[in-house]
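The primary structure of each chain is shown beneath.
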Amino acid sequence: MTEFEKISSNLVISLENIAYKNGDISDIGNEIGVAIGEHLSTEEELNDFISGLKHGISLKNGTHG
């Protein structure tokens, strides 16, 4: 299993098993951080993740330029 597959699998499992029913967008961000945080060991990796997140959001909300 590749590192990419491990990270994506951890993320899916974590989001599928959130133990609480009520929350907000920051709770989802926290769950994502917990699921993948151990794989982001450098500032560059964190910045790459944030860049990818912003890119994906811009594609969905119509702000991609």
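This write-up is about the structure you can find in this document. (Residues numbered from 1 in each chain as written. Predicted model: local features only at pLDDT ≥ 70, side-chain atom pairs only at ≥ 80, totals over all residues. Heavy atoms only, no water.)

1. Points about helix H2 (residues 25-36)
As a reminder, the rule being used: Every helix listed is a DSSP run of H or I at least four residues long, and every strand listed is a run of E at least two residues long, numbered separately from the N terminus. Helix span is expected to be 1.5 Å times the residue number reduced by one. Whether a residue is buried, partly exposed or exposed follows from its accessible area with a 1.4 Å probe, protein chains only, as a fraction of its type maximum: under 20%, in between, or over 50%, in that order. The arc in question is the one traced by the directions running from the helix axis out to the C-beta atoms.
Between its terminal C-alpha atoms H2 stretches 17 Å, which fits the 16 Å expected from twelve residues at 1.5 Å a residue. Listed in full, the buried residues belonging to H2 are Glu 31, Ile 32, Ala 35 and Ile 36. The buried residues of H2 occupy an angular sector of 115° when the element is viewed end-on, so they sit on one face.

2. Description of the pattern of salt bridges
Which entries qualify depends on this criterion: Salt-bridge detection follows one rule: a side-chain nitrogen of Lys or Arg within 4 Å of a carboxyl oxygen of Asp or Glu.
Considering all chains together, one arrives at one salt bridge under this definition. Across the pair Lys 6 and Glu 3 runs a salt bridge, and its minimum N-O distance is 4.0 Å. A residue pair is termed a helical-turn pair when its members lie 3 or 4 positions apart in one helix, as Lys 6 and Glu 3 do in helix H1 (residues 3-16) at three residues. Assessed through its relative accessible area of 42%, Glu 3 is described here as partly exposed.

3. Here's the deal with the packing of H1 against H2
The criterion, for reference: Inter-axis angles, ranging from 0 to 180 degrees, are taken between N-to-C directions of lines fitted to C-alpha atoms, where helices are fitted over the stretch in contact. Throughout, the term roughly parallel applies to angles under 35 degrees, roughly antiparallel to angles over 145, roughly perpendicular to angles from 65 to 115, and oblique to all others. By the definition used in this description, the sense in which the near helix is turned from the far one sets the handedness, with an anticlockwise turn below a right angle giving left-handed and a clockwise turn giving right-handed. It only takes one pair of heavy atoms within 4.5 Å for two residues to be counted as in contact. Amino acids outside the nonpolar list (Ala, Val, Leu, Ile, Met, Phe, Trp, Tyr, Cys, Pro) and the charged list (Asp, Glu, Lys, Arg) are all regarded as polar, and Gly is one of them.
Running from N to C, H1 and H2 point in directions that differ by 140°, and their axes come no closer than 9 Å. Judged by the inter-axis angle, H1 sits oblique to H2. Here H1 runs over H2; the crossing is right-handed. Note on element contacts: H2 touches H1 through Glu 31, Ile 32, Ala 35 and Ile 36, opposite Ile 7, Asn 10, Leu 11, Ser 14 and Leu 15. Per-class residue counts for the contact of H1 with H2 are six nonpolar, two polar and one charged.

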